[in-house]
Every structure is written in C-alpha cells, then in structure tokens.
Amino acid sequence: MSLKDLLDLSNDSSLSGQKWHVLRQSIVKRLLSTGNATIAELGAELQSSVPTVTKAVNELLTEDYIVDMGKITNSGGRRPSLYSINPTCAYFLGIEVGRSSMSIGLQNIKSEFVSIELGISFILENTQDSLLEFCHLINSFVDDTAVDRQMIVGACINLSGRINSMEGFSYNFFFSENRPLYEIISEQLGLPVRLENDTRAMAFGEYRKGVVDEEQNVIYLNYGWGVAIGIITDGNLYYGKSGYSGEFGHSNIFDNGILCQCGKTGCLETEISGWSLVNQFKEAIKEGKQSKIVLDENSNSLQHYTIINGALQYEDSLCVELISKQSEKMGRYLSMILNIFNPELLVIGGDFSILGGYVLLPIQSALKKYSLGLVNRDVKLKKSSLGLRAGVIGACCVVKEKMLHSVFIATNS
Ligand SMILES: [Zn+2]
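Residues numbered from 1 in each chain as written. Predicted model: local features only at pLDDT ≥ 70, side-chain atom pairs only at ≥ 80, totals over all residues. Heavy atoms only, no water.

1. Re the sheet that holds strand E3 (residues 91-97)
Here is step 1: The mixed open sheet is built from five strands, whose spatial order is E5-E4-E3-E6-E9. Edge positions in the sheet fall to strand E5 (113-121) and strand E9 (193-197), since each of these pairs with one other strand and no more. Neighbour-to-neighbour, the strand axes of the sheet open up by a mean angle of 15°, direction not taken into account.
Here is step 2: Along the sheet, helix H7 (residues 198-209) contacts E3, strand E6 (152-159) and E9; its crossing angle with E9, the most-contacted strand, is approximately 95°. (Pairing = 2+ DSSP bridges. Helix = DSSP H or I, 4+ residues; strand = E, 2+ residues; numbered from the N terminus. Axes fitted to C-alpha atoms, helices over the stretch in contact; angles between N-to-C directions. Contact = heavy atoms within 4.5 Å.)

This is the structure we're talking about:
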C-alpha cells in the first residue's frame with residue numbers, strides 16, 4: 001500500500017472510522033517530522049490512550065509504514081520499543097531542469113537518495129517534442145531504479161521563470177493555455193506532479209538540508225545564467241499572490257538600453273548574470289583583452305560555466321576581473337534586499353557560488369558599503385552547501401513538505 005493512500009481522505013465515512021484514520025495519519029506524520037517515538041510518547045503527544053495507540057501502531061507495522069527499532073536502552077523498569085518510519089514506505093522524485101541539462105533524484109522518506117543523476121543531456125525548448133523528451137527521460141530514470149512507481153508519492157519539477165505552483169502553470173516554458181502543465185506531465189509519468197520555481201526549490205533545499213542552521217528568515221540568491229532570489233520568512237517559503245515573487249533579476253536598475261531576456265531593457269540581469277557575463281567576455285575580447293579562453297568560430301556556444309571555470313581553474317585574469325566586477329555590483333543591489341527584508345542569513349547559491357571568495361568577498365564588501373549598518377550587522381553571509389544538488393534536493397523537500405501538509409494539487413493515480 002502506498003503512503004499516499006494513508007495520507008488521503010479515508011473511505012470510511014463513519015465518525016469512528018474518520019477518527020481512526022486521523023490517528024494513523026498523525027502517528028505517521030509525527031514520526032516523519034520529529035523522528036522516532038515510543039508508544040507512551042505518541043499517546044501523550046496525540047492525546048490518545050496507550051491501548052488505542054498500540055493497536056494503531058500494530059496495524060501500521062503490519063502494513064509496513066513503520067518499523068520497530070528495538071527496545072530503548074536508557075530506561076529503568078520495562079523497556080519500551082522505539083518506532084520509526086519505514087524508509088522504504090514512500091519515495092519522492094525531484095527534477096531540476098536547466099537550459100541544456102537536467103538532474104533527477106529519487107529519495108526515500110528519510111530523505112536519502114536511492115538514485116540520483118546530475119547533468120543529463122537535455123535541451124529545454126518550448127516545443128512539444130522537447131516536453132515529450134523531458135517526460136521520456138524521467139520515465140527512463142524511474143524505470144531504471146528498483147523502486148515500484150506506486151511507491152512514489154509525487155514528483156516536483158523545478159523550472160525557471162514564472163511558475164504558478166497552485167494552478168500548475170508554467171509561463172516561460174512549455175506553456176499551454178488550455179491545460180496546466182502539471183496535468184500534462186502527470187499524465188505522462190503516471191504520478192502526481194507539482195511545479196516549482198527553480199530558485200524557490202533551491203532555497204527550500206538549502207533551508208531544510210543545506211547551509212541554514214536555525215535561521216528562519218533567509219534570502220537565497222540564485223546567481224547563475226539568470227538571477228533570482230528565494231525568500232524564507234518565519235520558516236516558510238514566500239510565494240506572493242501567484243508565485244512570482246523573487247524576480248530580483250528583472251528589477252529595472254540600469255539605464256543601459258540593453259535588452260533583457262524578459263523583453264524589457266535595463267534589468268539587473270543585463271549587467272549581472274551568467275548570460276551578461278558571456279556578453280561582457282566577448283566584448284572584452286573584441287576590445288583586444290587577453291584570456292586563456294579561446295573563442296571558437298561559433299562564439300555563440302560560449303557558456304558562463306566556461307568563464308567561471310576559467311577563473312577557478314586557470315585564475316584567468318580577464319575572467320576573474322569580469323566576475324569580481326559583477327559580484328561587486330551584485331552586492332550593491334543585494335543591499336537593497338537586505339534593507340527591505342532584514343534577513344538573518346543570505347545564502348549565495350547557483351553556478352557562481354562554486355567560485356567561493358571570488359564572488360563572496362566582493363559581495364560582502366559591497367553589502368557593508370551600501371546596506372544600512374544595523375541591517376548588515378544582523379545578516380550572516382554563507383555559500384550554498386548543496387551546490388549542484390540544491391535543485392533536486394529542494395524539489396524532493398518540496399514534495400515531502402506538501403505531502404505532510406496534504407495540499408498536493410495533482411492526483412491522477
Ligand atoms: Zn528582465
């Protein structure tokens with residue numbers, strides 16, 4: 001039996017049947033959220049008698065939702081058994097889609113990867129073929145794992161751009177007016193699907209499993225091909241009305257007339273982003289500056305990764321110079337974000353974060369210079385600890401969180 005069945009509404013409509021179902025759900029949710037417990041602890045926390053909880057626990061044991069971890073050791077008298085969630089009773093699928101690759105991971109309910117594949121070759125295009133290829137790659141990945149598809153509670157797909165997670169529409173990629181994208185993908189995969197903005201999922205991954213300790217007010221910067229922020233306030237992801245919050249990269253900052261990918265001019269991304277770094281690099285070479293990176297005939301294929309790598313691996317002075325100039329500017333405009341949100345922690349994530357000090361130091365110095373002293377004093381600056389896995393881990397965390405709060409939007413199974 002899939003855990004999803006247990007977390008769904010009960011088929012038994014009688015009052016006693018409903019109460020029994022809720023008790024079973026509460027035991028599973030309690031073990032999931034705060035870990036192992038004895039029957040006495042469950043009884044006290046869920047305000048149920050020991051015989052009632054014992055009966056429910058025995059049922060859940062028989063159905064393989066939970067496991068007996070053995071007797072606890074540090075108790076006097078009769079030693080009670082400790083119960084834990086069965087790690088194999090449910091799985092979550094996380095998918096991160098980039099412009100030229102995608103990553104997929106499958107985690108068990110204890111957030112342990114049973115399978116993960118990073119950087120699978122895939123070109124994201126706004127075509128039906130690209131969408132079908134995308135679904136095909138996910139299906140192949142799932143088929144290659146030893147996990148029964150029925151045991152996968154749901155999948156979360158991270159896409160960049162405007163995502164309305166509640167309605168399941170993606171407005172920048174694979175947009176269809178007639179049908180929400182989650183529904184189309186859900187049909188192809190045979191799984192409940194949730195769409196999430198990539199930066200928001202990365203922020204949540206970092207909050208749950210990454211560099212965030214106790215902090216509850218966090219800004220996560222996704223500094224990559226594009227630029228966006230994920231906002232966590234009082235421990236919750238902030239979505240805004242329709243889920244379009246965090247589009248920091250499309251703030252009108254510069255009077256430079258440069259056309260942005262969003263169609264407007266002068267956005268932050270036009271001077272601070274992976275794609276603008278590529279343009280700045282080409283421009284510098286045209287002006288006669290020297291670099292170890294040689295542009296081939298088709299300089300259109302140049303990726304920001306190459307320039308990042310140039311700084312990191314070869315300490316190429318042009319690469320370092322351009323990146324540190326961008327990062328100083330980034331710090332300057334991030335100071336606005338600090339002044340507005342007064343966060344406890346600012347996490348630098350995305351492709352640029354692997355540069356460490358090359359990016360963090362100019363950002364830190366600009367933050368000190370441009371943000372209000374009291375606000376700056378409150379904030380810690382850290383580099384993402386999940387790196388390239390942030391998106392996949394975040395996607396798995398989002399599905400799990402939504403399942404625990406039973407607000408999953410797509411169910412076709
Ligand atoms: Zn823009």
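What follows picks up the thread again.
2. A look at the pairing of strand E4 (residues 101-108)
Here is step 1: Burial of E4 is extensive: seven of the eight residues sit out of reach of the surface.
Here is step 2: Across seven bridges, the pairing between E3 and E4 is antiparallel. Across the sheet, the residue bridging to Ile 95 is Ile 104, located in E4.
Here is step 3: Hairpin remark: E3 followed by E4, antiparallel, with three residues in the connecting loop.
Here is step 4: Taken together, the six bridges between E4 and E5 define a ladder with antiparallel strand orientation. When the sheet's bridge partners are listed, Leu 106 is paired in E5 with Ser 115.
Here is step 5: The turn linking E4 back onto E5 is made up of four residues, and Ser 111 within it adopts a positive phi angle of 60°. (Buried < 20%, exposed > 50% of the residue type's maximum accessible area, 1.4 Å probe, protein only.)

3. Digging into the nonpolar core
Here is step 1: Membership of the largest hydrophobic core comes to 48 residues, with the highest contact counts inside it found for Leu 3, Ile 27, Val 57, Ile 66, Ile 85, Ile 109 and Met 403.
Here is step 2: If sequence neighbours within four positions are ignored, Leu 3 has contacts with Val 28, Tyr 65, Cys 89, Ala 90, Ile 109, Val 153 and Met 403.
Here is step 3: Trp 275, Val 278, Leu 302 and Met 330 belong to the second largest nonpolar core, which has 42 residues in total. (Core = buried A, V, L, I, M, F, W, Y, C linked by side-chain atoms within 4.5 Å.)

4. Concerning the packing of helix H10 (residues 317-341) against helix H11 (residues 357-370)
Here is step 1: For the pair H10 and H11, interaxial distance at closest approach is 7 Å and the crossing angle is 40°. Taken together, the axis directions place H10 and H11 in an arrangement best described as oblique. Of the two possible hands of crossing, H10 and H11 adopt the one that is right-handed. Here Val 320, Ile 323, Ser 324, Ser 327, Glu 328, Met 330, Gly 331, Arg 332, Leu 334, Ser 335, Leu 338 and Asn 339 of H10 lie close against H11, whose contacting residues are Tyr 358, Val 359, Pro 362, Ile 363, Ala 366, Leu 367 and Tyr 370. (Parallel < 35°, antiparallel > 145°, perpendicular 65-115°, else oblique. Left-handed = near helix turned anticlockwise from the far one by under 90°.)

5. Looking at the domain arrangement of the protein
Here is step 1: Along its sequence, the protein is organised into domain 1 (3-85), domain 2 (91-202 + 391-404) and domain 3 (213-385).
Here is step 2: A combined buried area of about 1300 Å² lies between domain 2 and domain 3, and 48% of that area is made up of carbon and sulfur atoms.
Here is step 3: Linking domain 2 with domain 3 are one salt bridge.
Here is step 4: Taking the shortest distance from any N to any O, the salt bridge between Arg 162 and Glu 247 comes out at 3.0 Å.
Here is step 5: Viewed at the interface, domain 3 and domain 2 are joined by seven residue pairs in polar contact (both at pLDDT 80 or more).
Here is step 6: Listed by contribution, the elements that provide at least two residues to the side of domain 2 that touches domain 3 are strand E7 (163-164), E9 and H7.
Here is step 7: Of the residues assigned to the side of domain 2 that touches domain 3, the class counts are three nonpolar, five polar and seven charged. (Domains from an automatic or database assignment. Buried area = accessible area lost by both parts, 1.4 Å probe. Salt bridge = Lys/Arg side-chain N within 4 Å of Asp/Glu carboxyl O. Polar contact = N/O pair within 3.5 Å; in protein donor to acceptor, adjacent residues only side chain to side chain. Nonpolar A, V, L, I, M, F, W, Y, C, P; charged D, E, K, R; others polar.)

6. Notes on the side chain of Asn 86
Here is step 1: Position of Asn 86 among the secondary structure elements: in the loop between strand E2 (81-85) and E3.
Here is step 2: Here the side chain of Asn 86 touches Asp 64 through a polar contact of 2.8 Å, landing on its backbone oxygen.
Here is step 3: With residues near it in sequence (within four places) discarded, Asn 86 still touches Asp 64, Tyr 65, Ile 66, Val 67 and Ile 109.

7. Focus: the coordination of the zinc ion
Here is step 1: Distances from the zinc ion to its protein donors, His 250 (ND1), Cys 260 (SG), Cys 262 (SG) and Cys 267 (SG), fall within 2.1 to 2.3 Å.
Here is step 2: One can describe the site at the zinc ion as tetrahedral: its four donor atoms subtend angles covering 103 to 126° at the metal.
Here is step 3: Counting residues between consecutive donors of the zinc ion along the chain gives the motif H-x9-C-x1-C-x4-C. Here His 250, found in the loop between strand E12 (236-237) and helix H8 (274-286), pairs with Cys 267, found in the loop between E12 and H8; they are 17 residues apart in sequence, far enough to count as distant.
Here is step 4: Note on Cys 267: relative accessible area 2%, which makes it buried. (Donors = N, O, S within 2.8 Å, 3.2 Å for Na, K, Ca; no water. Tetrahedral: all angles 85-135°; square planar, octahedral: opposite > 155°, others 65-115°.)

8. Focus on the pairing of E6
Every regular strand shows the same layout, with side chains that alternate between the two sheet faces.
Here is step 1: Burial analysis of E6 places eight of its eight residues in the buried class, which makes it a mostly covered element.
Here is step 2: Inspection of the sheet shows E3 paired to E6 by six bridges, in the parallel sense. Bridge pairing in E6 places Leu 93 opposite Ala 155.
Here is step 3: In this structure, E6 lies alongside E9, joined through five bridges in parallel fashion.

9. Describing unusual backbone geometry
Here is step 1: If you check the backbone angles, Asp 234 has positive phi at about 50° while not being a glycine.
Here is step 2: Of note, Asp 234 is situated in the loop between strand E11 (227-233) and E12.
Here is step 3: We note that Asn 342 has phi near 45°; this positive angle belongs to a residue other than glycine.
Here is step 4: Mapped onto the fold, Asn 342 is located in the loop between H10 and strand E13 (345-349).

10. Re the side chain of Arg 30
Here is step 1: Within the element layout of this structure, Arg 30 appears in helix H2 (residues 15-34).
Here is step 2: In this structure Arg 30 comes out as buried when scored by relative accessible area, which is 12%.
Here is step 3: Ignoring sequence-local partners within four residues, the contact set of Arg 30 consists of Gly 35, Asn 36, Ala 37, Leu 42 and Glu 45.

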